[in-house]
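These are the residues of each chain, in order.
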Amino acid sequence: MKIAIIGCGNMGMAFARAFLKFDLVKKEDFLLVEKSAERKEGLHSFQPGVLTGVISPEIGTYDLVILSVKPQDYLAVSTSLREVIQPSQIVLSIMAGISMQTIQDSLAHQPVVRAMPNTPAMLGMGITAYAASPEVERGQLRKVENLINATGRSVFLEDESQLDAVTALSGSGPAYFFYLVKTMIEAGKQMGFEESVATLLVKQTMLGSYHLINNADRSLDELIKAVASKGGTTEAALRGFEAGKLAEALTQGIHAAQRRATELSKG
């Protein structure tokens, strides 16, 4: 496929690099559109087929147009893009909070796929949920899914409205883990460890725990119980979490993120 990427920040380029890594797209078949002169300068090392700062009629010759601009910049982009986009093209949006209907209306264009990736996509370890308008043909959707899977794994959603929950759960999710890791490291420092030692202890614990979740034939409750012996240190910590209503606070925060995602999608 020939792919045009409008907005070449971290996520847009994460997709581009993943496509190249798995030989899904040739460099000469990319069109990168980036208005920031500084970021555009940094993209020269990528050596794309075409690198430009403006939306031009040439975009109409590409099979897939990926929208990865900041949501607040989309209105200006859509005005120019509407003039050059062709009916046969597929639009893939990885913008947060912009609904398929908004994209269809603003571009006067029906075949739209809306996706919500997360930042581990930059390492090829992301999870992306996506939904598609009825006008996207099954063969086209398979091609888009194949491209998305180059950044990690994907989940297709029949109901686009669920993307707000995805935004709150996995889209914002990495920040929750970073917050927890940071808190544990700070606790380690308070207990007298050098930051480097506390960081190593916590990061390796997180990594090992992930692999246990992924490989052990046990439920999360069983894994917790296996560590938390009765009357022991882990049990003391878990009781402290319960007293501080950690689970409740975390759940409330995720729901708050979902509500905000819904607000943004409604404009």
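The structure we're discussing is the one just above.
Residues numbered from 1 in each chain as written. Predicted model: local features only at pLDDT ≥ 70, side-chain atom pairs only at ≥ 80, totals over all residues. Heavy atoms only, no water.

Caption draft 1: Structural view of the side chain of Gln104. Residue position: Gln104 is located in helix α4 (residues 100-107). You can call Gln104 buried: its relative accessible area is 7%. Within the structure, the side chain of Gln104 is placed 2.8 Å from the backbone oxygen of Gln110, a separation counted as a polar contact. Those residues within four positions of Gln104 in sequence are excluded, and the remaining contacts are His109, Gln110, Val112, Ser133 and Glu135. (Helix = DSSP H or I, 4+ residues; strand = E, 2+ residues; numbered from the N terminus. Buried < 20%, exposed > 50% of the residue type's maximum accessible area, 1.4 Å probe, protein only. Polar contact = N/O pair within 3.5 Å; in protein donor to acceptor, adjacent residues only side chain to side chain. Contact = heavy atoms within 4.5 Å.)

Caption draft 2: Spotlight on the nonpolar core. Judged by nonpolar contacts, the single largest core of 32 residues is most densely connected at Ile3, Phe19, Phe30, Leu32 and Val113. Every element with two or more residues in this core is listed here: β1 (3-6), α1 (10-21), β2 (30-33), β4 (64-67), β5 (90-93), β6 (112-116), β7 (126-132) and α5 (138-149). If one sorts the elements of this core by residue count, α1 sits on top with seven residues. With 27 residues, the next largest nonpolar core counts Ile59, Ile98, Ala131 and Leu157 among its residues. (Core = buried A, V, L, I, M, F, W, Y, C linked by side-chain atoms within 4.5 Å.)

Caption draft 3: Geometry of the sheet that holds β6. Spatial strand order, β3-β2-β1-β4-β5-β6-β7-β8: eight strands in an open sheet with mixed pairing. Edge positions in the sheet fall to β3 (50-52) and β8 (152-156), since each has one partner strand and no second. Direction aside, the axes of adjacent strands within the sheet are offset by 20° on average. Pairing of β4 with β5, which is carried by four bridges, proceeds in the parallel orientation. Looking across to β5, one finds that Ile66 is bridged to Leu92. Sheet strands touched by α5: β1, β4, β5, β6, β7 and β8. Its angle to β8, the strand with the most contacts, is close to 145°. (Pairing = 2+ DSSP bridges. Axes fitted to C-alpha atoms, helices over the stretch in contact; angles between N-to-C directions.)

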